[in-house]
Amino acid sequence: MSWEFILGHMNYWLFIILMLIGLYIVIAKGNLLKKIVGLNIFQVSVFMMYISIGKVIGGTAPILPYDNTGHVEYGLDVIYSNPLPHVLILTAIVVGVATTSLGLALIVRIREEYGTIEEDEILDAETLIAEKENEDREAWLA
Amino acid sequence: MIETTINIILFVMLVVTALAIIRMDKLFAVVMLSGVFSFLSALLFIVMDAVDVAFTEAAVGAGITTVLMLGTIALTARTQKKSPKFQLMPVLIIIIIGVALIYGTMDMPNFGDLNSPANTHVAAYYVSNSATDIGVPNMVTGILASYRGFDTLGEVAVVFTAGVGVLVLLSGLARRRREDKEEL
């Protein structure tokens, strides 16, 4: 593993670490809002991964310069970073906010129904309901 | 070299923010830190030449998401129940996934390689032809609205669906609350 390889791949590894922190929050934390925040961290890390794939060393932002007559001037010696990942991630950010808002609405609804947004308390409430239903069914059969 | 240094500094700040989010029990602080996280990632996007993504992330990611989350904690709860400090199973899972992902990056081209597959095929066509095809100086705008207009149409469909979903979930929230109060 050469020095050049490590330096060239370090970015990807850094974003993977960040992604894993987000995943840890989603798995280990019981609070639903915190899970959504963890999901956001995960998502932003994936975005960074994509953007770093599109980066070109020595390149600049993909915006063409205008000359003074209002025509786009070709900078032949200019290297631009890859605009395609930027477009995809632009779309993904907006979709991410839409899905986040849907998740938050679900949290509000869950809180209204169960009175809590902690995962284990919701599970306890569900178990109680299931037990009661079983008892009712047995009473009906008997 | 300077870009790598800035990258690493910003990355360390992002990790510190994420770890603080893990430890915090006050949900208000968690939401604010997630806003901080979005702003820091916007800076990182600027370093990587993605200016459009950076300002979208700063406006939408740090702005709207934070407001929505503040609304949610106002409607639900302000603090989190204390959870056990260290759990073995999640750590094991993320270590396994992390090793698999890092193994997967071994075949990837170097960071910033001009001749990597992602930078050569259709992207090279966009970079050289978008000025004559579309005539918008900002290539990202040109691709978003013209070359890949259907993607954006799909995005609009997703946002619309999510909006309808939120409306359906939250409709009647105020009415049900009022009825509950009257019952009491």
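1. Regarding the overall build of chain B
On a plain count of helices and strands, chain B comes out with nine helices and zero strands. Starting at the N terminus and ending at the C terminus, chain B contains elements arranged as α-α-α-α-α-α-α-α-α. Taking 16 Å as the expected radius of gyration for a compact globule of 184 residues, we find that chain B reaches 22 Å, considerably beyond that expectation. Taken across its 184 residues, chain B has 38% of its residues classed as buried. Considering only residue pairs separated by 6 or more positions, chain B has 49% of its internal contacts joining residues 24 or more positions apart. For chain B, the accessible area works out to roughly 10,400 Å², and carbon and sulfur atoms hold 72% of it. For chain B, the separation between the mean place of its 12 positive charges and that of its 14 negative charges on side chains is 19 Å.

2. Things to note about the domain arrangement of chain B
Here chain B is partitioned into domain 1 (1-81) and domain 2 (147-184). A C-alpha centroid distance of 25 Å is found between domain 1 of chain B and domain 2 of chain B.

3. Concerning the confidence of the model for chain B
On average, residues of chain B score 86 in pLDDT, and 98% of them reach the 70 mark or higher. Averaged pLDDT values over the elements of chain B bottom out at 76 in helix α9 (residues 173-183) of chain B and peak at 92 in helix α2 (residues 27-47) of chain B.

4. What about the interface of chain A and chain B?
Residue-level contacts link 82 residues of chain A with 93 residues of chain B. Together, the buried faces of chain A and chain B total about 8,100 Å²; carbon and sulfur atoms form 76% of this surface. In this structure, B:Asp49 and A:Lys55 form a salt bridge, with 3.0 Å as the shortest nitrogen-oxygen distance. Counting across the chain A and chain B interface gives 19 residue pairs in polar contact (both at pLDDT 80 or more). For the side of chain A that touches chain B, the elements supplying multiple residues, two or more each, are α1 (3-28), α2 (32-54), α3 (83-114) and α4 (119-141) of chain A. Residue classes in the side of chain A that touches chain B are distributed as 57 nonpolar, 15 polar and ten charged.

5. Looking at α1(A)
Residue and element names in this part refer to chain A. Taking 1.5 Å as the rise per residue, α1 with 26 residues should run 38 Å; its terminal C-alpha atoms sit 36 Å apart, in good agreement. Approximately 45° is the largest bend angle found in α1, and it occurs at Met-10. Judged by how many residues are buried, α1 sits mostly within the fold: 19 of 26 residues are covered.

6. Overview of the pattern of salt bridges
Residues and elements named next belong to chain A. Taken as a whole, this structure holds six salt bridges over all chains when the rule is applied. One salt bridge connects Arg-109 with Glu-112, and the closest N-O pair in it is separated by 3.1 Å. In this pair, Arg-109 and Glu-112 both sit in helix α3, three residues apart, roughly one turn of the helix. When its relative accessible area of 25% is taken as the criterion, Arg-109 is described as partly exposed. Of the charged contacts, one joins Glu-113 and Arg-109 as a salt bridge, the two residues approaching to 3.0 Å between their closest N and O atoms. Taken together, the residues Glu-113 and Arg-109, both in helix α3 and four residues apart, mark about one turn of the helix. Residue classification places Glu-113 among the exposed residues on the basis of a relative accessible area of 55%.

7. A closer look at the nonpolar core
By size, the foremost hydrophobic cluster in this structure holds 66 residues, and its most contacted members are A:Met48, B:Phe45 and B:Val53. Residue contributions to this core peak at 15 residues, all from α1(A). Ignoring sequence-local partners within four residues, the contact set of A:Met48 consists of A:Phe15, A:Leu18, B:Leu14, B:Ser41, B:Leu44, B:Phe45 and B:Met48. Membership of the second largest hydrophobic core comes to five residues, among which are A:Tyr80, B:Val127, B:Ala131 and B:Met139.

8. Describing the environment of B:Thr105
If you trace the backbone, B:Thr105 turns up in helix α4 (residues 88-105). C-alpha separation for the pair B:Thr105 and B:Ile46, spaced 59 residues apart in sequence, amounts to 23 Å. Other than its neighbours up to four places away in sequence, B:Thr105 contacts A:His9, A:Tyr12, A:Trp13, A:Ile16 and A:Met49. At a separation of 2.9 Å, a polar atom in the side chain of B:Thr105 contacts the side chain of A:Trp13.

9. Things to note about a nonpolar patch on the surface
Residues A:Ile27, B:Phe86, B:Leu88, B:Met89, B:Leu92, B:Ile93, B:Ile97 and B:Leu101 make up a contiguous nonpolar surface patch of about 720 Å² in total accessible area. A per-element tally of the nonpolar patch places α4(B) first, with six residues. Residue position: B:Ile97 is located in helix α4. Given the relative accessible area of 32%, B:Ile97 is considered partly exposed.

Definitions and limits used
Numbering of residues starts from 1 in each chain and follows the order in which that chain's sequence is written. As they are written, the chains are lettered A onward and the ligands numbered 1 onward, keeping that order. Where local features are concerned, this predicted model is filtered to residues with pLDDT of at least 70; where side-chain atom pairs are given and counted, the filter is 80 or more; whole-chain, interface and lining totals use all residues. The side-chain figures draw on all heavy atoms in the structure; neither hydrogens nor water molecules are used. Numbering goes from the N terminus for both helices and strands, where a helix is a DSSP run of H or I of at least four residues and a strand is a run of E of at least two. In this treatment the radius of gyration is a C-alpha quantity, and the globule benchmark scales as 2.2 Å times the residue count to the 0.38 power. Each residue is placed in one exposure class: buried if its accessible area under a 1.4 Å probe, protein chains only, is under 20% of its type's maximum, exposed if it is over 50%, and partly exposed if it falls in between. The contact rule is simple, with two residues in contact once any of their heavy atoms fall within 4.5 Å. Here the accessible surface of atoms and residues is derived via Shrake-Rupley with a 1.4 Å probe, and residues count as covered only by protein chains that are part of the display. For the charge count, each Lys or Arg is scored as positive and each Asp or Glu as negative, with His and the chain ends excluded. Charge positions come from single atoms, namely NZ of Lys, CZ of Arg, CG of Asp or CD of Glu. The domain limits used here are those given by an automatic or database domain assignment. For every residue, the predictor reports its confidence as pLDDT, a number between 0 and 100. Reported buried area values correspond to the accessible surface (1.4 Å probe) lost by two parts on association, with both partners' losses combined. Whenever Lys or Arg places a side-chain nitrogen within 4 Å of a carboxyl oxygen from Asp or Glu, that contact is recorded as a salt bridge. Any N or O atom pair separated by 3.5 Å or less is treated as a polar contact, with the protein-specific requirement of one donor-capable and one acceptor-capable atom, and with residues adjacent in sequence counted only for side-chain atom pairs. Residue type decides the class: Asp, Glu, Lys and Arg count as charged, Ala, Val, Leu, Ile, Met, Phe, Trp, Tyr, Cys and Pro as nonpolar, and the leftover types, Gly among them, as polar. Multiply 1.5 Å by the residue count of a helix minus one, and that product is the helix's expected span. We define the bend at each residue as the angle formed by axes fitted to the 7 residues ending at it and the 7 residues starting at it. Only buried Ala, Val, Leu, Ile, Met, Phe, Trp, Tyr and Cys residues count toward a nonpolar core, and they belong to the same one when joined by side-chain atoms within 4.5 Å. Two joining distances apply to patches: 9 Å for like charges and 5 Å for nonpolar side chains (Val, Leu, Ile, Met, Phe, Trp, Tyr), and every residue must have over 30% relative accessible area and no salt bridge.

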